[in-house]
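# Understanding the architecture of this molecule
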Amino acid sequence: MSVARLAALIASEVGGPGAAHREDARAVREDWSAIAATAAAHRLSAVAVRAIPRTPHPETNPGISALRSDARGTAAKALALIAPLQELVAALDAREIPHLLWKGPGLAVQAWGDLGARDCSDLDLVVAPGDRRRAREAAGALGWSPVAAMSPAPEAAILRGRGAWELQHGSHATPLAL
């Protein structure tokens, strides 16, 4: 199944620009195994699962079961990311460092109203160049450390607003781009 057909299916059920392709979506809805595989490959299971309620007898379909399982895994992963993210946001707030959550769980809540609606492989937090050193210090105080050693030139570039530090935390595997 193509991503375009998956997008048409999702749009037909949850609305959006592809909703005009409802007939195409209905034609592919029966092949839930292909839908589940495509959604998983493109990390869209948590969104594609929203198309299930209109399907007769979803509980007996192995493709639907696979889709639901993958979506639950995405939601569980997102929930695990929230505690360290909230801790870091609170530390930045306490230091009066303006910040923006970028992509990941923040986007999932803003776009879909659902923390688990978007799979993410890292956390992204944007701060102004003038606040980067203080933000990194705040993250360091919470146990975030660089994934790899960095020479002075790339470090200086990040402080000027070019690029990001890749940080890791000992208590979880998801990196932070700051």
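All values reported here derive from a predicted model rather than from experimental measurement.

A separate point is the overall build of the protein. Within the protein, the regular secondary structure consists of eight helices and five strands. Along the chain direction, N to C, the helices and strands of the protein fall in the order α-α-α-α-α-β-α-β-α-β-α-β-β. Summing over all exposed atoms, the protein offers an accessible surface of approximately 9,400 Å²; the carbon and sulfur share of this is 56%.

Following the criterion strictly, the structure yields one cavity of 30 Å³ or more and no others. The volume enclosed by the largest cavity comes to roughly 50 Å³. Contributing to the lining of the largest cavity are Leu 85, Leu 101, Trp 102, Lys 103, Gly 104, Pro 105, Gly 106, Asp 122, Leu 123 and Asp 124. Listed by contribution, the elements that provide at least two residues to the lining of the largest cavity are β1 (100-102), α6 (104-112) and β2 (123-126). The element that contributes the greatest number of residues to the lining of the largest cavity is α6, accounting for three residues.

A contiguous nonpolar patch, built from Leu 100, Trp 102 and Val 126 and spanning about 280 Å² of accessible area, is present on the exposed surface. With respect to the helices, strands and loops of the structure, Val 126 is situated in strand β2. Since its relative accessible area comes to 37%, Val 126 is described here as partly exposed.

What follows covers helix α3 (residues 32-41). For α3, every residue scored as buried is listed here: Trp 32, Ala 34, Ile 35, Ala 36, Thr 38 and Ala 39. After α3 finishes, the residue Arg 43 shows a positive phi value of roughly 55°.

Our focus in this paragraph is the pattern of salt bridges. All chains considered together, the criterion is met by one salt bridge. In this structure, the salt-bridge partner of Asp 131 is Arg 134, at a minimum N-O distance of 3.3 Å. Classification of Asp 131 by relative accessible area gives buried; the value is 15%.

Turning to the side chain of Asp 122, a few remarks are in order. The residue Asp 122 is located in the loop between α6 and β2 in this model. Look at Asp 122 and you get buried, because its relative accessible area is 17%. If near-sequence neighbours (up to four positions away) are discounted, Asp 122 is found in contact with Thr 174, Pro 175 and Ala 177.

The next subject is the sheet that holds strand β3 (residues 144-146). Two orientations exist for strands paired in a sheet by backbone hydrogen bonds: parallel and antiparallel. Taken in spatial order, the five strands of this open sheet run β1-β2-β5-β4-β3, and their pairing is mixed. One side of each edge strand has no neighbouring strand; the edge strands of this open sheet are β1 and β3. Neighbour-to-neighbour, the strand axes of the sheet open up by a mean angle of 35°, direction not taken into account. Direction of pairing for β1 relative to β2: antiparallel, over a ladder of three bridges. Its bridge partner being in β2, Trp 102 is matched across the sheet by Asp 124.

The topology assignment puts Leu 79 in helix α5 (residues 62-94). Its relative accessible area of 58% is what places Leu 79 among the exposed residues. C-alpha separation for the pair Leu 79 and Leu 115, spaced 36 residues apart in sequence, amounts to 7.4 Å.

Okay, the nonpolar core next. The biggest cluster of nonpolar side chains holds 19 residues, and the ones touching the most others in it are Leu 88, Leu 92, Trp 144, Leu 167, Leu 176 and Leu 178. Broken down by secondary-structure element, the contributors of at least two residues to this core are α5, β2 and α7 (132-141). The element best represented in this core is α5, accounting for five residues. Apart from the residues within four sequence positions on either side, Leu 167 is in contact with Arg 136, Ala 139, Trp 144, Ser 145, Pro 146, Val 147, Pro 175, Leu 176 and Leu 178. Of all hydrophobic cores here, the second largest spans nine residues; its members include Trp 32, Ile 35, Ala 51 and Ile 52.

Scoring rules and cut-offs
Position numbers for residues start from 1 in each chain and track the written sequence from start to end. Where totals are concerned, whole chains, interfaces and linings use all residues; where local detail is concerned, this predicted model gives features only for residues with pLDDT of at least 70, and gives and counts side-chain atom pairs only at 80 or more. As a rule here, side-chain values come from all non-hydrogen atoms in the structure, and water together with hydrogens is ignored. Secondary structure is summarised from DSSP: a helix means a run of H or I of at least four residues, a strand means a run of E of at least two, and numbering begins at the N terminus for each. Each accessible area is a Shrake-Rupley result for a 1.4 Å probe, and residues are judged covered by the shown protein chains and nothing else. Whether a set of points on the 1 Å grid over the protein atoms alone is a cavity depends on a 1.4 Å probe fitting there but being unable to get out, while an open set qualifies as a pocket with protein on both sides within 12 Å along at least five of seven lines; lining residues are those with an atom within 4 Å of a point. Grid points are joined across faces, edges and corners, and a volume is the space filled by probe spheres set on the points. Excluding any residue in a salt bridge, patches collect residues exceeding 30% relative accessible area, merging like charges within 9 Å and nonpolar Val, Leu, Ile, Met, Phe, Trp and Tyr side chains within 5 Å. Throughout this description, the term salt bridge denotes a Lys or Arg side-chain nitrogen within 4 Å of a carboxyl oxygen of Asp or Glu. Buried, partly exposed and exposed residues are distinguished by accessible area as a fraction of the type maximum, computed with a 1.4 Å probe on protein chains only: under 20%, between the cut-offs, and over 50%, respectively. We call two residues in contact when some of their heavy atoms are within 4.5 Å. Pairing between two strands requires that DSSP report at least two bridges joining them. Think of each axis as a best-fit line through the C-alpha atoms, taken over the contacting stretch in the case of a helix, with angles from 0 to 180 degrees between the N-to-C directions. Residues belong to one nonpolar core when they are buried, are Ala, Val, Leu, Ile, Met, Phe, Trp, Tyr or Cys, and are joined through side-chain atoms within 4.5 Å.

Just distances and angles here, no functional claims.
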